[in-house]
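Given next are the chains, with one letter for each unit.
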Amino acid sequence: MKLIGSGTSPYVRKVRVVLAEKRLDYQFVTEDVWADTTAIGQSNPLGKVPCLLMEGGDAMFDSRVIVEYLDTLSPVGKLIPQQSRERAEVKSWEALADGVMDAGVLWRLEATWPGRADGERSQAWIDRQRGKVEAGIAAMAKGLGDKPFCSGIHPSLSDIAVGCALGWLGFRFPEIDWRGRHPNLGKLHDKLMLRPSFSETRPV
Ligand SMILES: N[C@@H](CCC(=O)N[C@@H](CS)C(=O)NCC(=O)O)C(=O)O
């Protein structure tokens with residue numbers, strides 16, 4: 001398998017962490033989807049990473065589809081439970097963490113995307129997305145409470161998705177003090193960073 005991605009994308013990191021936790025071999029192919037010359041459209045018509053190229057060349061996206069597929073490939077370290085209720089809980093955590101990243105990406109693009117002239121940037125839109133990021137962080141902190149992991153008693157895709165969202169916020173928006181405001185999220189993130197899957201994929 002080949003994973004097309006970048007070292008900064010939190011969605012790509014989520015897939016890389018899952019690949020590492022599942023001990024699955026793959027080749028990492030970096031692609032700058034923002035470059036005029038990007039070839040990502042040949043694999044993903046949406047022009048986004050992550051994109052998984054399977055043996056035979058078929059392409060799979062997006063990150064939620066990929067991680068769900070990867071979890072079925074090996075019984076090692078099951079990350080998404082089979083039982084419907086528990087499964088929905090983990091997928092909800094992933095939706096929350098991905099939603100924080102989605103809003104953060106929209107915020108960042110509105111503020112920095114070179115294709116938009118300064119006069120075209122909307123502070124109201126930035127504030128709207130920032131509100132979602134802040135509300136999402138608060139919801140993650142409340143949902144985690146004083147539990148060791150987001151759902152269940154073992155690390156799962158919930159923790160991976162939350163860890164990737166927090167790591168990316170720290171990378172792109174260091175001014176957001178989620179760690180100071182929510183020590184439980186800081187504790188979870190520190191614990192995840194002890195795992196090679198996380199420490200070896202920190203955003204660069
Ligand atoms: N929902 C997608 C989001 C992927 C995404 O937005 N990736 C960004 C990189 S962080 C991207 O490739 N953006 C390029 C673009 O929007 O043109 C997923 O979970 O994979």
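Residues numbered from 1 in each chain as written. Predicted model: local features only at pLDDT ≥ 70, side-chain atom pairs only at ≥ 80, totals over all residues. Heavy atoms only, no water.

So, the pairing of strand β1 (residues 2–5)
Argument step 1. In this structure, β1 lies alongside strand β2 (residues 27–30), joined through 4 bridges in parallel fashion. Bridge pairing in β2 links I4 to V29.
Argument step 2. Taking the sense of rotation as the criterion, the β-α-β connection linking β1, helix α1 (residues 10–21) and β2 turns out right-handed. (Pairing = 2+ DSSP bridges. Helix = DSSP H or I, 4+ residues; strand = E, 2+ residues; numbered from the N terminus. Right-handed = clockwise from strand over helix to strand, strands pointing away.)

What to know about the domain arrangement of the protein
Argument step 1. Each assigned domain of the protein is listed here: domain 1 (2–73) and domain 2 (84–195).
Argument step 2. Centre-to-centre separation of domain 1 and domain 2, based on C-alpha positions: 20 Å.
Argument step 3. Listed by partner, the interface residues are 13 residues for domain 1 and 21 residues for domain 2.
Argument step 4. Counting the surface lost from both domain 1 and domain 2, the interface buries some 1500 Å², and carbon and sulfur atoms represent 59% of this.
Argument step 5. Looking only at domain 1, the three residues that lose the most surface to domain 2 are P10, Y11 and R64, adding up to 36% of its buried area.
Argument step 6. Summed over the shared surface of domain 1 and domain 2, the number is 6 salt bridges.
Argument step 7. Notably, a salt bridge pairs K14 with E94, separated by 2.7 Å at the nearest N-O pair.
Argument step 8. Remark: the boundary between domain 1 and domain 2 carries 7 residue pairs in polar contact (both at pLDDT 80 or more).
Argument step 9. Listed by contribution, the elements that provide at least two residues to the side of domain 1 that touches domain 2 are α1 and α2 (63–73).
Argument step 10. Considering each element in turn, the side of domain 1 that touches domain 2 owes the most residues, 7 residues, to α1. (Domains from an automatic or database assignment. Contact = heavy atoms within 4.5 Å. Buried area = accessible area lost by both parts, 1.4 Å probe. Salt bridge = Lys/Arg side-chain N within 4 Å of Asp/Glu carboxyl O. Polar contact = N/O pair within 3.5 Å; in protein donor to acceptor, adjacent residues only side chain to side chain.)

Concerning the pattern of salt bridges
Once the charged atoms of two side chains with opposite charge are near each other, the side chains can pair.
Argument step 1. Under the counting rule described, the total for this entry stands at 14 salt bridges.
Argument step 2. Here E21 ties to R195 by a salt bridge, and the two come within 2.9 Å at their closest N and O atoms. Here E21, found in helix α1, pairs with R195, found in the loop between α7 (183–193) and α8 (196–199); they are 174 residues apart in sequence, far enough to count as distant.
Argument step 3. Classification of E21 as buried rests on a relative accessible area of 15%.
Argument step 4. A relative accessible area of 30% places R195 in the partly exposed class.
Argument step 5. Taking the shortest distance from any N to any O, the salt bridge between R116 and E110 comes out at 2.3 Å. (Buried < 20%, exposed > 50% of the residue type's maximum accessible area, 1.4 Å probe, protein only.)

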